[in-house]
Amino acid sequence: MQFINDLNLKKQAEELGVKIWQTPGFMFIIMGIVAFIVMTATFLISRNYDDPKVLVLAESIVAGIIIIVGNSVVRIVGEIASVNKMKSEFVSVVSHQLRTPLSAIKWETELLLSKLRKGLNEKQLKNIETIGSLSCRMTRLVNDLLDVTRIDQKRLVLKYEPVDLAAIIEKTIAESESLLSSRNIELIFSNNKKNPKVIGDQERLKLVVDNLLNNAIKYTTQKGKIEIKLTKSGGDLVFSVRDNGVGIPEEQHSQVFSKFFRSDNVVKYQTEGTGLGLYIAKNIVEQLGGKIWFQSIENVGSIFSFSLPVKKKSFIKEKKLFDNFN
Ligand code: ADP
């Protein structure tokens, strides 16, 4: 199946944003044709001519053709790699540059809302609050883009320290309280108080929990019920969040953790979202030595889970050593 897909040159060209003759599939076909012609010609020449000079000449021509075709392939692969690197650098520079003005907007709005609140009327207050929440949204997007660039360039540096996952969940629930009540969603958190700490990065794990809980809220429409569980399983602690929301169509399950994925059933009604959250969450959890997975049925609901080790795994110790060295 993948082989047939590789030969669909038009689709490949559209996906990569290049001309048909620049696609890897086109190069693959050309190389196949060249190999076939060259082998047939060598066979015919060796059958009809006994003269070693003719054979040497034929082999030199074959070698020349292979070098020319091989060189074009290497050049195209090199160009793709360098464009990819330029794209990552561009996203990284733009995101860094956007962070400074965004922080300034955040501080200014916070100042207006705290110290200068008395001088503002209701409409002005509402407008400033909107500016504040929009700038927070943009900061999150910029941070997500920076994280994606770090992940793609294998530069995401994580801490490996004991983390109280239950405390992170409680903090995230508290922050989501107003959203939960405005959407009339009931939330239950069952936690065994004796659960151990996990080894991870406090700040990044907050991001993961935030993303999974916010998705459960965002993609739950009517009579919402969300349940969070934290359980111990072997040497791991397992986090699960279950919702009775819109679910994910089965045919799209394989793409859920891909970059920019948004399922067809949500893009129609939920315009807010980038499709980066789960990609980042998967990379963080896996880099910490854990696993992330989900079950989902369209129009029934979803369960998103991740597990993390409660003890430092030996490869994590090694990784820390290398991170410190870099
Ligand atoms: P975003 O929510 O910003 O679109 P994510 O990477 O967090 O990005 O999620 C990717 C997609 O996976 C979502 O757009 C949605 O289609 C689907 N999804 C994630 N969590 C849920 C959920 N709890 N219920 C239904 N769909 C979900």
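Residues numbered from 1 in each chain as written. Predicted model: local features only at pLDDT ≥ 70, side-chain atom pairs only at ≥ 80, totals over all residues. Heavy atoms only, no water.

A. Examining the overall build of the protein more closely. The secondary structure content of the protein amounts to 10 helices and seven strands. Taken against the 2.2 N^0.38 rule, which gives 20 Å for 326 residues, the C-alpha radius of gyration of the protein at 27 Å runs more than 25% over that of a compact globule. Projected onto the principal axes, the alpha-carbon positions of the protein cover approximately 100 × 50 × 45 Å. The long-range share in the protein, meaning contacts at least 24 apart out of those at least 6 apart in sequence, stands at 67%. When the accessible surface of the protein is summed, it comes to about 20800 Å², and 60% of that surface belongs to carbon and sulfur atoms. Of note, the protein has its 45 positive side-chain charges centred 4 Å away from the centre of its 35 negative side-chain charges. (Helix = DSSP H or I, 4+ residues; strand = E, 2+ residues; numbered from the N terminus. Rg over C-alpha atoms; globule rule 2.2 N^0.38 Å. Contact = heavy atoms within 4.5 Å. Areas by Shrake-Rupley, 256 points an atom, 1.4 Å probe, with all protein chains shown as cover. Lys, Arg positive; Asp, Glu negative; His and termini not counted. Charge placed at Lys NZ, Arg CZ, Asp CG, Glu CD.)

B. View of the pairing of strand β5 (residues 236-243). For β5, a buried count of six out of eight residues is recorded, marking the element as mostly surrounded by other parts of the structure. In this structure, strand β4 (residues 225-233) lies alongside β5, joined through eight bridges in antiparallel fashion. Within β5, the position partnered with Lys229 by the bridge is Ser240. Connecting β4 to the next strand, β5, in antiparallel fashion are two residues, including Gly234 with a positive phi near 60°. (Buried < 20%, exposed > 50% of the residue type's maximum accessible area, 1.4 Å probe, protein only. Pairing = 2+ DSSP bridges.)

C. Quick look at the site of the ligand. Close contacts around the ligand come from 20 residues, with Asn215, Tyr219, Arg262, Ser263 and Leu278 the closest. A distance of 2.7 Å separates an oxygen atom of the ligand from a polar atom in the side chain of Arg262. In the environment of the ligand, a nitrogen atom lies 3.4 Å from a nitrogen or oxygen atom belonging to the side chain of Ser302. About the coverage of the ligand: the protein hides 98% of its 530 Å² of free accessible area. Sorting elements by how many residues they give to the shell around the ligand places helix α7 (residues 202-218) first, with four residues. (Near = heavy atom within 4 Å. Polar contact = N/O pair within 3.5 Å; in protein donor to acceptor, adjacent residues only side chain to side chain.)

D. Fine view of the domain arrangement of the protein. Assigned domains within the protein: domain 1 (1-156) and domain 2 (161-313). Look at where the C-alpha atoms of domain 1 and domain 2 centre, and you get two points 29 Å apart. Contacts between the two partners involve 10 residues from domain 1, matched on the other side by 11 residues from domain 2. Taken as a group, Val148, Ile151 and Leu156 account for 46% of the area that domain 1 buries against domain 2, more than any other trio of residues on that side. For the pair domain 1 and domain 2, the number of links is three salt bridges. Of the charged contacts in the structure, one is a salt bridge between Asp147 and Arg204, with a shortest N-O distance of 2.7 Å. Along the contact surface separating domain 1 from domain 2 lie five residue pairs in polar contact (both at pLDDT 80 or more). Across the side of domain 1 that touches domain 2, the residue classes break down as five nonpolar, no polar and five charged. (Domains from an automatic or database assignment. Buried area = accessible area lost by both parts, 1.4 Å probe. Salt bridge = Lys/Arg side-chain N within 4 Å of Asp/Glu carboxyl O. Nonpolar A, V, L, I, M, F, W, Y, C, P; charged D, E, K, R; others polar.)

E. Local environment of the pattern of salt bridges. The final tally for this structure, using the stated rule, is 13 salt bridges. In this structure, Lys10 and Glu14 form a salt bridge, with 3.7 Å as the shortest nitrogen-oxygen distance. Taken as a pair, Lys10 and Glu14 lie in helix α2 (residues 9-16) at a separation of four residues, close to a single helical turn. Considered together, Lys10 and Glu14 belong to a single accessibility category, that of exposed residues. Here Glu227 makes a salt bridge to Arg242, at a shortest N to O gap of 2.8 Å. Taken together, the residues Glu227 in strand β4 and Arg242 in strand β5 connect sequence positions 15 residues apart. On the accessibility criterion, Arg242 (44% relative accessible area) is partly exposed.

F. Up close: α2. Every buried residue belonging to α2 is among Leu9, Gln12 and Ala13, and all of these are buried. End-on, the buried residues of α2 take up no more than an arc of 100°, which puts them together on one face. Within α2, the exposed residues directed more than 90 degrees away from the buried face are Lys10, Glu14 and Glu15. Positive backbone phi, at 65°, marks Gly17, one or two positions downstream of α2. (Arc of directions from axis to C-beta.)

G. Just the sheet that holds β5, in detail. Strands sit in the order β2-β4-β5-β7-β6 across an open sheet of five strands; the sheet is mixed. Pairing within the sheet leaves two strands with one partner each, and these edge strands are β2 (186-191) and β6 (291-297). Looking at each pair of strands side by side, their axes are set apart by 10° on average, direction ignored. Across seven bridges, the pairing between β6 and strand β7 (residues 301-309) is antiparallel. Opposite Gln295, over in β7, you have Ile303 as the bridge partner. Its contacts with the sheet put helix α6 (residues 165-182) on β2, β4, β5 and β7, and the angle it makes with β2 is roughly 170°. (Axes fitted to C-alpha atoms, helices over the stretch in contact; angles between N-to-C directions.)

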